[in-house]
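Chain residues, written in single-letter form:
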Amino acid sequence: ATPGFDIVTDTGTGSAHTISHSLGVTPEFIIRKDRTATADPGWICWHTSLPGANYYMTLMDAHAQDTSVNYWNNTLPTSSVFSVGASNGTNQSTKTFVTYLFAGVEGFSKFGSYESNNNADGPFIWCGFKPAYLLLKSADNVTNWEIRDSARSPYNVASARLLANSDGEEDSSSTVDFLSNGFKLVAANVAVNPSTATILFAAFAET
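Residues numbered from 1 in each chain as written. Predicted model: local features only at pLDDT ≥ 70, side-chain atom pairs only at ≥ 80, totals over all residues. Heavy atoms only, no water.

S.K.: Could you give an account of the overall build of the protein chain, naming the residues involved and the relevant values?
M.R.: Assigned secondary structure in the protein chain consists of one helix and 17 strands. For the protein chain, the C-alpha radius of gyration of 17 Å lies close to 17 Å, the compact-globule estimate for 207 residues. In terms of overall dimensions, the protein chain has a C-alpha envelope of 50 × 35 × 30 Å along the principal axes. A burial count over the protein chain gives 50% of its 207 residues as buried. Contacts spanning at least 24 positions in sequence make up 61% of the contacts within the protein chain whose residues lie at least 6 apart. (Helix = DSSP H or I, 4+ residues; strand = E, 2+ residues; numbered from the N terminus. Rg over C-alpha atoms; globule rule 2.2 N^0.38 Å. Buried < 20%, exposed > 50% of the residue type's maximum accessible area, 1.4 Å probe, protein only. Contact = heavy atoms within 4.5 Å.)

S.K.: How would you summarise the environment of Asp-34 if you had to cite specific residues and measurements?
M.R.: Residue position: Asp-34 is located in strand β3 (residues 29–34). Its relative accessible area of 3% is what places Asp-34 among the buried residues. In sequence terms Asp-34 and Ala-62 are 28 residues apart; their C-alpha atoms lie 19 Å from each other. If sequence neighbours within four positions are ignored, Asp-34 has contacts with Asn-88, Gln-92, Lys-95, Thr-96 and Phe-97. A polar atom in the side chain of Asp-34 sits 2.9 Å from the backbone nitrogen of Thr-36. (Polar contact = N/O pair within 3.5 Å; in protein donor to acceptor, adjacent residues only side chain to side chain.)

S.K.: Kindly report on the pattern of salt bridges, identifying the contributing residues and their values.
M.R.: Pairing between side chains of opposite charge can happen when their charged atoms approach one another. Overall, the coordinates contain seven salt bridges when judged by the stated rule. With a shortest N-O distance of 2.9 Å, Arg-32 and Asp-10 are connected by a salt bridge. With Arg-32 in strand β3 and Asp-10 in strand β1 (residues 5–11), the pair connects residues that are 22 residues apart, well separated along the chain. Relative accessible area serves as the criterion here: at 15%, Asp-10 is assigned to the buried category. A salt bridge links Arg-148 to Glu-146, with the shortest nitrogen-to-oxygen separation between them at 2.6 Å. With a relative accessible area of 1%, Glu-146 lands in the buried category. Salt bridges sharing partners connect three or more residues here, namely Glu-146, Arg-148, Arg-161 and Asp-171. (Salt bridge = Lys/Arg side-chain N within 4 Å of Asp/Glu carboxyl O.)

S.K.: Describe the sheet that holds strand β15 (residues 176–179), listing the residues and the values that go with them.
M.R.: Taken in spatial order, the three strands make up an open sheet running β10-β16-β15, and their pairing is antiparallel. Every other strand in the sheet has two partners, leaving β10 (124–126) and β15 as the edge strands with one partner each. The average undirected angle you get between the axes of adjacent strands in this sheet is 20°. (Pairing = 2+ DSSP bridges. Axes fitted to C-alpha atoms, helices over the stretch in contact; angles between N-to-C directions.)

S.K.: Break down the packing of aromatic side chains for me, with residues and values.
M.R.: This structure, assessed with the given rule, holds 12 aromatic pairs. Aromatic ring contacts, followed pair by pair, group Phe-5, Phe-29, Tyr-100, Phe-102, Phe-108, Phe-111, Tyr-133 and Phe-204 into a single cluster. (Phe/Tyr/Trp six-rings, centres within 6.5 Å; stacked < 30°, edge-to-face > 60°.)

S.K.: Explain the sheet that holds β3 residue by residue, including any values.
M.R.: Each strand in a sheet pairs with another by means of backbone hydrogen bonds, the pair being arranged parallel or else antiparallel. The antiparallel open sheet is built from six strands, whose spatial order is β1-β8-β3-β4-β5-β6. Each having just a single partner strand, β1 and β6 (66–67) make up the two edges of the open sheet. Note: β3 against strand β4 (residues 44–47), four bridges, orientation antiparallel. Looking across to β4, one finds that Arg-32 is bridged to Ile-44.

S.K.: Quick rundown of unusual backbone geometry? Include the residues and the values.
M.R.: Between Asn-156 and the following residue, Val-157, the backbone shows a cis peptide bond with an omega angle of 5°. Within the secondary structure, Val-157 is located in the loop between β12 (146–149) and β13 (160–163). Its identity is not glycine, yet Asn-73 carries a phi of approximately 55°, on the positive side. Here Asn-73 is to be found in the loop between β6 and β7 (81–84). A positive phi angle, close to 55°, is found at Asn-118, a residue other than glycine. Within the secondary structure, Asn-118 sits in the loop between β9 (109–117) and β10. Exposure remark for Asn-118: the relative accessible area of 40% places this residue in the partly exposed category.

Dropping the structure here:
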């Protein structure tokens, strides 16, 4: 619980139920993956900035947010459990699953969203620490899950970019500055700073 991170494994039942976790606080970012099947959607995500418990996103592709009452049983997580519905993607009977759960820790991690403005003077997002790792994804648009970090980009602009939903090689996109207390968008960009979109983020400090 100290770093705000828990890993849970379980076997699907095909029926809605709750699963215990050990964070001690309500998760803000959840990633769940079927470990034994490949035909069904995998890497199903829930993020605290999505509009509700029936919303989800998929880490393996660029799709925008979507809705299904069957992934998370239309039930928000609590400080002790999270819920899964009857969907094969999160609860196929007899299949084994792994779930990664994250909660923000002051000075170390933060999960939230910002509203883009399609401008070189982009939004500043306060984290309370200098990010070492940043994951960005538009909830509204078909765009990639962008990863930036201070190891590959030790100086601003933090331009070295990997895509969580792609096996492509690293490329460059000069849109984000890492600051002492958060990060700032410094260019208009269709993925992370378009016109009028909600961009989800997960940010972690070095220690």
